[in-house]
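Chain by chain, the residues run as shown.
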Amino acid sequence: MKGRISKGTLLRIILIWPTGTLARALDALALIAFSAWCFAVALAGGVVGLVFGNIRLPATLLLASQPAAGAGANIGISAVAAVAASIVHIRAGRINWRLFAWMAPPSMAGALAGGYLSGRLPDDALLVAIGLVLLYFGLDLLRDGERPPRRNGPPGEDLDVRAAVVTGALVGVLGGFVGLILGALRMPALLRYVGELPARAVGTNLAVGVCVGIAGVIGHTPDGVDWELLAIGSAASVPGALLGARLTGRLSERQLLRAIGAMLVVAGATTALQPTL
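This structure is a prediction, so every number in the text was calculated from the model and none was measured. (Residues numbered from 1 in each chain as written. Predicted model: local features only at pLDDT ≥ 70, side-chain atom pairs only at ≥ 80, totals over all residues. Heavy atoms only, no water.)

Now for the overall build of the chain. Along its length, the chain carries 10 helices and zero strands. Secondary structure elements of the chain, listed N to C terminal, follow the sequence α-α-α-α-α-α-α-α-α-α. The 277 residues of the chain split such that 49% are buried. Counting only contacts in the chain whose residues sit at least 6 apart along the sequence, the fraction spanning at least 24 positions is 84%. (Helix = DSSP H or I, 4+ residues; strand = E, 2+ residues; numbered from the N terminus. Buried < 20%, exposed > 50% of the residue type's maximum accessible area, 1.4 Å probe, protein only. Contact = heavy atoms within 4.5 Å.)

Right under this line is the structure:
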């Protein structure tokens, strides 16, 4: 009979249709889980002035079209999250613009240089070394529970600008090598070597991270960026970063230092174990 569906055609429809539906459902669930993870990472990072790109990176690479495109998307998400959190910190007066002006340019230059030289050194060895350094600084802050020793002078003004320039450049180079903003490594430098107040170190670190993130996305553009994943991750990260940044002002200096220390331990362990994932 004309228009009648054969048994073979019907069987193919039965076999193919559920498979396609299941695949779309799994894709949707994966994106929902990714969005939830981006929100949680941005929330925790907004409190302590970090973007935790290293913690978000494995999930981003898992869903990305290609590894290089995923790395570019991850850096872009970090930059967007840093922008959102920085807005709150700017309004609260928690950014040292003089320190930002000294630290941002060498950080961006270092990131570009590190990106250009990436591949000359083994990424896995660098990640393990960076992770161990983060663990050291995190445990050090948790053990002390007090603000790092300051140089002599009024609070917020007795800063070591040379240390800001040098550490900014070095962290930028390392971040360029491994494709991360590495705000987690810049934070202890701001506290220990530059001598910034914890609350202002949080805001300043995020502001510098915005610049480094933009430079990172530009550097990854020739190899491609997964713009769809960047958009999804950014949309989920913005509310988390805004909420986290608002919580910064509710913590005492001692509580903030302990929170930073705990997050550095998490970031250090994740970074050191990343080559095995």
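It is worth spelling out helix α10 (residues 253-273) at this point. Note: α-helices contain 3.6 residues per turn, so residues at a spacing of three or four share the same orientation. In this model, α10 (21 residues) spans 30 Å end to end at C-alpha, consistent with the 30 Å of a helix rising 1.5 Å per residue. All of the buried residues in α10 are Leu256, Leu257, Ala259, Ile260, Gly261, Leu264, Ala267, Gly268, Thr271 and Ala272. (Expected span 1.5 Å × (residues − 1).)

What follows is about the nonpolar core. Counting 57 residues, the largest nonpolar core has Ile260 and Leu264 as the members making the most contacts within it. The biggest single contributor to this core is helix α8 (residues 198-220), with eight residues. In this structure Leu264 touches Leu50, Leu134, Leu135, Phe137, Gly138, Leu141, Ala184 and Pro188, once residues within four positions along its chain are discounted. With nine residues, the next largest nonpolar core counts Cys38, Ala64, Ala73 and Ile77 among its residues. (Core = buried A, V, L, I, M, F, W, Y, C linked by side-chain atoms within 4.5 Å.)

To continue, consider the environment of Leu159. Within the secondary structure layout, Leu159 lies in the loop between α5 (123-144) and α6 (161-178). According to the relative accessible area criterion, Leu159 is buried, its value standing at 8%. Sequence-wise, Leu159 and Leu99 are 60 residues apart; in three dimensions their C-alpha atoms are separated by 8.3 Å.

Attention now moves to the side chain of Arg56. By secondary structure assignment, the location of Arg56 is in helix α2 (residues 53-63). For Arg56, which is buried and forms no salt bridge, the nearest opposite charge comes from Asp226, at a distance of 13 Å. Engagement of the side chain of Arg56 in a polar contact is seen with the backbone oxygen of Val51, the distance being 3.0 Å. Here Arg56 is in contact with Trp37, Cys38, Val41, Val51, Asn74, Ile77 and Ser78, once residues within four sequence places are set aside. (Lys, Arg positive; Asp, Glu negative; His and termini not counted. Salt bridge = Lys/Arg side-chain N within 4 Å of Asp/Glu carboxyl O. Polar contact = N/O pair within 3.5 Å; in protein donor to acceptor, adjacent residues only side chain to side chain.)

The subject of this paragraph is the side chain of Thr204. Take Thr204: it is sitting in helix α8. Its relative accessible area of 0% is what places Thr204 among the buried residues. Looking at Thr204, its side chain comes within polar contact range of the main-chain oxygen of Arg200, at 2.7 Å. Aside from chain neighbours lying at most four places away, what touches Thr204 is Arg94, Ile95, Asn96, Leu99 and Phe100.

A few words on the environment of His220. The residue His220 is located in helix α8 in this model. A relative accessible area of 17% places His220 in the buried class. A C-alpha to C-alpha distance of 8.7 Å links His220 and Gly115, two positions 105 residues apart in sequence. Ignoring anything within four residues of it in the chain, the contact list for His220 reads Ala68, Ala71, Gly72, Ile75 and Val225.

Take the packing of aromatic side chains next. Taken as a whole and judged by the stated rule, the model has three aromatic pairs. Seen in terms of ring centroids, Tyr136 and Phe137 are 5.4 Å apart; in terms of plane orientation they differ by 65°. Their pairing is edge-to-face. Pairing Phe137 with Tyr193 gives two aromatic rings, centres 6.2 Å apart and planes at 80°, and the pair type is edge-to-face. Of the two residues, Phe137 is situated in helix α5 and Tyr193 in helix α7 (residues 183-194); the sequence distance between them amounts to 56 residues. (Phe/Tyr/Trp six-rings, centres within 6.5 Å; stacked < 30°, edge-to-face > 60°.)

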